[in-house]
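Observations on the model geometry
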Amino acid sequence: MRISRLYTDQPLAPETELVLDERRGHYLQRVLRLRPGDTLVLFNGDGNDYAVEFLGGPKAAPRVRVNARLPAVPESPLQLVLAQAVGKGDRMDQVLQKATELGVAGVQPLFTERTEVRLSGSRLARRMDHWRAVTIAACEQSGRARLPDLHPPLDLDSWLATPGDALRLALVPGAERPLTAVAPVPEMALLIGPEGGLSEREVAALTLSGCVPVAFGPRILRTETAGPAAVAVLQAMAGDCTAA
């Protein structure tokens, strides 16, 4: 029987007890129908899983006992940040879900000249909360014990001007250099444009900033496909897809 695995933002340590919040309590008791004595796994992003016994209690505040710290799925040796132009509808959700499953270290949402979605104020705050929930669910499903960093959105020019040591790549249809010709280094960033692609000015700006344009195969991929597909290739080249 598969053991349920859930995220909590609470501190976790063996031989301690804690009270879960109402949302998780509802899920454990009403959806999973756990009973006192049943077991589950919790993680809080510190890189470990924890074996937990469900103790029961009020539905709004059930108690659990942490019994042991467990080895978790190892993180990728590649510290890869996906710089993704924000897409319409659920496209960003798809990218976040798949990129998290594939092991990215972080996601940097971007607003570009052709980005059709603009967010600010309370609307941006709500969307960030939603995106964070998407990454948490992807970690719960995939076995990751660390959440990828979800950075506040930036416009493309601001991101290009941000200093850093990571090797920056940008998928640009027609670029002379193929993605597979780039040797992975420990820290990398991968830029994916919006549905309408990057403008000529943006391609020139990223090249001037030191970001390397690369091509990905003979076909033009959708923005929600390009990122996860390229991440998978880079992770494989870095050795993350070998058998455990």
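Residues numbered from 1 in each chain as written. Predicted model: local features only at pLDDT ≥ 70, side-chain atom pairs only at ≥ 80, totals over all residues. Heavy atoms only, no water.

1. A short note on a positive patch on the surface
A contiguous patch of positive charge, built from Arg-30, Arg-33, Arg-35 and Lys-59, is present on the exposed surface. Assignment of secondary structure puts Lys-59 in the loop between β4 (49-56) and β5 (63-70). On the basis of relative accessible area, Lys-59 is assigned to the partly exposed category, the value being 46%. (Patch = residues over 30% accessible without salt bridge, like charges linked within 9 Å, V, L, I, M, F, W, Y side chains within 5 Å. Areas by Shrake-Rupley, 256 points an atom, 1.4 Å probe, with all protein chains shown as cover. Salt bridge = Lys/Arg side-chain N within 4 Å of Asp/Glu carboxyl O. Lys, Arg positive; Asp, Glu negative; His and termini not counted. Charge placed at Lys NZ, Arg CZ, Asp CG, Glu CD. Helix = DSSP H or I, 4+ residues; strand = E, 2+ residues; numbered from the N terminus. Buried < 20%, exposed > 50% of the residue type's maximum accessible area, 1.4 Å probe, protein only.)

2. Observations regarding unusual backbone geometry
Generally, phi is negative for residues other than glycine and the peptide bonds are trans, each holding for most cases. Its identity is not glycine, yet Glu-15 carries a phi of approximately 65°, on the positive side. Assignment of secondary structure puts Glu-15 in the loop between β1 (5-7) and β2 (16-19). Phi at Arg-33 takes a positive value of approximately 55°, unusual for a residue other than glycine. Structurally, Arg-33 is set in the loop between α1 (22-31) and β3 (39-43).

3. Considerations on the layout of surface pockets
In this structure, the largest pocket occupies an estimated 430 Å³ of space. Counting residues per element, the lining of the largest pocket draws most heavily on helix α6 (residues 223-237), which supplies 3 residues. Of the residues that constitute the lining of the largest pocket, the class distribution is 14 nonpolar, 6 polar and 6 charged. (1 Å grid on protein atoms, 1.4 Å probe; cavity = no way out; pocket = protein on both sides within 12 Å on 5 of 7 lines; lining within 4 Å. Points joined across faces, edges and corners; volume = space filled by probe spheres on them. Nonpolar A, V, L, I, M, F, W, Y, C, P; charged D, E, K, R; others polar.)

4. With respect to the packing of aromatic side chains
Counted under the stated rule, the structure contains 1 aromatic pair. Here the guanidinium or amino end of Arg-5 rests over the ring plane of Phe-43, the centre of that ring lying 4.0 Å away. For the cation-ring pair, Arg-168 lies above Trp-159, with the distance from its terminal atom to the ring centre recorded as 4.2 Å. (Phe/Tyr/Trp six-rings, centres within 6.5 Å; stacked < 30°, edge-to-face > 60°. Lys NZ or Arg CZ within 6 Å of the ring centre and 35° of its normal.)

5. Regarding α1
Along an α-helix, residues three or four apart share an orientation, since each turn contains 3.6 residues. Along α1, the residues classified as buried are Arg-24, Gly-25, Leu-28 and Gln-29. One side of α1 holds all its buried residues, which, seen down the axis, span an arc of 115°. Along α1, exposed side chains directed more than 90 degrees from the buried face belong to Glu-22 and Arg-23. In this structure, the buried side of α1 is in contact with β1, β3 and β4. Its side-chain oxygen at 3.3 Å from the backbone nitrogen of Arg-23, Asp-21 defines the N-terminal cap of α1. (Arc of directions from axis to C-beta. Contact = heavy atoms within 4.5 Å. Polar contact = N/O pair within 3.5 Å; in protein donor to acceptor, adjacent residues only side chain to side chain.)

6. So, the pattern of salt bridges
Applying the stated criterion to the full structure yields 11 salt bridges. Arg-91 is the partner of Glu-224 in a salt bridge, and the nearest nitrogen-oxygen pair spans 3.4 Å. Taken together, the positions of Glu-224 in helix α6 and Arg-91 in helix α2 (residues 91-102) put the pair 133 residues apart, joining distant regions of the chain. A relative accessible area of 14% places Glu-224 in the buried class. Looking at Arg-91, the relative accessible area reads 21%, which means it is partly exposed. What emerges from the salt-bridge pattern is a single network uniting Glu-17, Glu-53, Arg-63 and Arg-65.

Distances and angles like these do not, on their own, reveal function.
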